[in-house]
Each structure stands twice: as structure tokens, then as C-alpha cells.
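Report on the structure
As a plain string of letters, each chain reads:
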Amino acid sequence: VTIILDTAFTEKAILLAKNSNLLISESSFLEEDKQKAKEYHHLTAKEAATIAKKSKSQQLILTHISQRYEFNLKKIENEARKVFKNMKVVKDLDSVIL
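Residues numbered from 1 in each chain as written. Predicted model: local features only at pLDDT ≥ 70, side-chain atom pairs only at ≥ 80, totals over all residues. Heavy atoms only, no water.

**Some thoughts on the pairing of strand S2 (residues 23–26)**
- In this structure, strand S1 (residues 2–4) lies alongside S2, joined through three bridges in parallel fashion. Each bridged residue has a counterpart across the sheet, and for Ile 3 the counterpart in S2 is Ile 24.
- As a crossover connection, the stretch from S1 through helix H1 (residues 11–17) into S2 is right-handed.
- Sheet topology note: the S2/strand S3 (residues 60–63) ladder contains four bridges and is parallel. Among the inter-strand pairings, Glu 26 is bridged to a residue of S3, identified as Thr 63. (Pairing = 2+ DSSP bridges. Helix = DSSP H or I, 4+ residues; strand = E, 2+ residues; numbered from the N terminus. Right-handed = clockwise from strand over helix to strand, strands pointing away.)

Structure below.
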């Protein structure tokens, strides 16, 4: 299990997550808000999914979503799913049964 929180995109994250059964990653922003993600040192949904794909993780859980998307989590899910299919979006404090 690999957990990646509060970081900008880096190749080191791919190495950290290499061959993970489960990658739990923050995904605070959409790609359309990539500049804000960089400013606040957070990942976009696409970047988190890219880490999952390149690291050959088996499953991805996205969490720590910006409040700006709290009523439209489907946008986060759709963006990530285009890159990595086996994923879920959860809200802070959600429980996940694997």
C-alpha cells in the first residue's frame, strides 16, 4: 500500500508507488486547474492516475479533493479514469472495504 498526499507531480512518486497493490493518492484539482495545483503543491486527478499507471499499481483511490468539486466528484473520476481504469474517488473520512 502506498499513500501519496500533498505533493506536486514528481517521478519519485512513481518509484514510491511501484507495483503497489493499492495506491491512495490526493487529487485536489482537475487538469483545468493545474496551475492552482502547482501553486498549492497538489496533484490533479490526471497526474494521480498517471502515477498509478506508470507505477503499475493495481488499484487507485483518490482522496483529499478540493471543496470546489465536492458537488461534482464525477469530474474528478472521469478525468482519472481516462488514464487509469481501476480507481475510486472517496471523500475525506470515508471508509473503503477492499
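Structure shown, so let's carry the discussion forward.
**Structural notes on the nonpolar core**
- Judged by nonpolar contacts, the single largest core of 23 residues is most densely connected at Ile 4, Leu 23, Ile 51, Leu 60, Leu 62 and Ile 76.
- By residue number, the principal contributor to this core is helix H3 (residues 45–54), which donates five residues.
- With residues near it in sequence (within four places) discarded, Ile 51 still touches Ile 4, Phe 9, Ala 13, Ile 14, Ala 17, Leu 23 and Leu 43. (Core = buried A, V, L, I, M, F, W, Y, C linked by side-chain atoms within 4.5 Å. Buried < 20%, exposed > 50% of the residue type's maximum accessible area, 1.4 Å probe, protein only. Contact = heavy atoms within 4.5 Å.)

**What to know about a nonpolar patch on the surface**
- Taken together, the side chains of Val 1, Ile 3 and Leu 5 make up a nonpolar region of the molecular surface, amounting to roughly 320 Å² of accessible area.
- Checked against the element boundaries, Ile 3 lands in strand S1. (Patch = residues over 30% accessible without salt bridge, like charges linked within 9 Å, V, L, I, M, F, W, Y side chains within 5 Å. Areas by Shrake-Rupley, 256 points an atom, 1.4 Å probe, with all protein chains shown as cover. Salt bridge = Lys/Arg side-chain N within 4 Å of Asp/Glu carboxyl O.)

**Topic: H3**
- In terms of residue burial, H3 counts as a mostly covered element, since seven of its ten residues are buried.
- Buried residues of H3: Ala 45, Glu 47, Ala 48, Ala 49, Thr 50, Ile 51 and Ala 52, and no others.
- Buried positions along H3 lie against S1, H1, S2, helix H2 (34–39), S3 and helix H4 (73–81).
- After H3 finishes, the residue Lys 56 shows a positive phi value of roughly 60°.

**Describing the layout of surface pockets**
- Empty space within the largest pocket amounts to approximately 170 Å³.
- Looking at the largest pocket, the residues that line it are His 64, Ile 65, Ser 66, Gln 67, Glu 70, Leu 73, Val 90, Lys 91 and Asp 92. (1 Å grid on protein atoms, 1.4 Å probe; cavity = no way out; pocket = protein on both sides within 12 Å on 5 of 7 lines; lining within 4 Å. Points joined across faces, edges and corners; volume = space filled by probe spheres on them.)

**Some details on the sheet that holds S3**
- An order of S1-S2-S3-S4 is seen for the four strands of this open sheet, with the pairing classed as parallel. Looking at strand neighbours, the two that pair on one side only are S1 and strand S4 (87–89), the edges of this open sheet. Pairs of neighbouring strands in the sheet enclose a mean axial angle of 15°, with direction left out of account.
- Direction of pairing for S3 relative to S4: parallel, over a ladder of three bridges. Bridge pairing links Leu 60 to Met 87 in S4. (Axes fitted to C-alpha atoms, helices over the stretch in contact; angles between N-to-C directions.)

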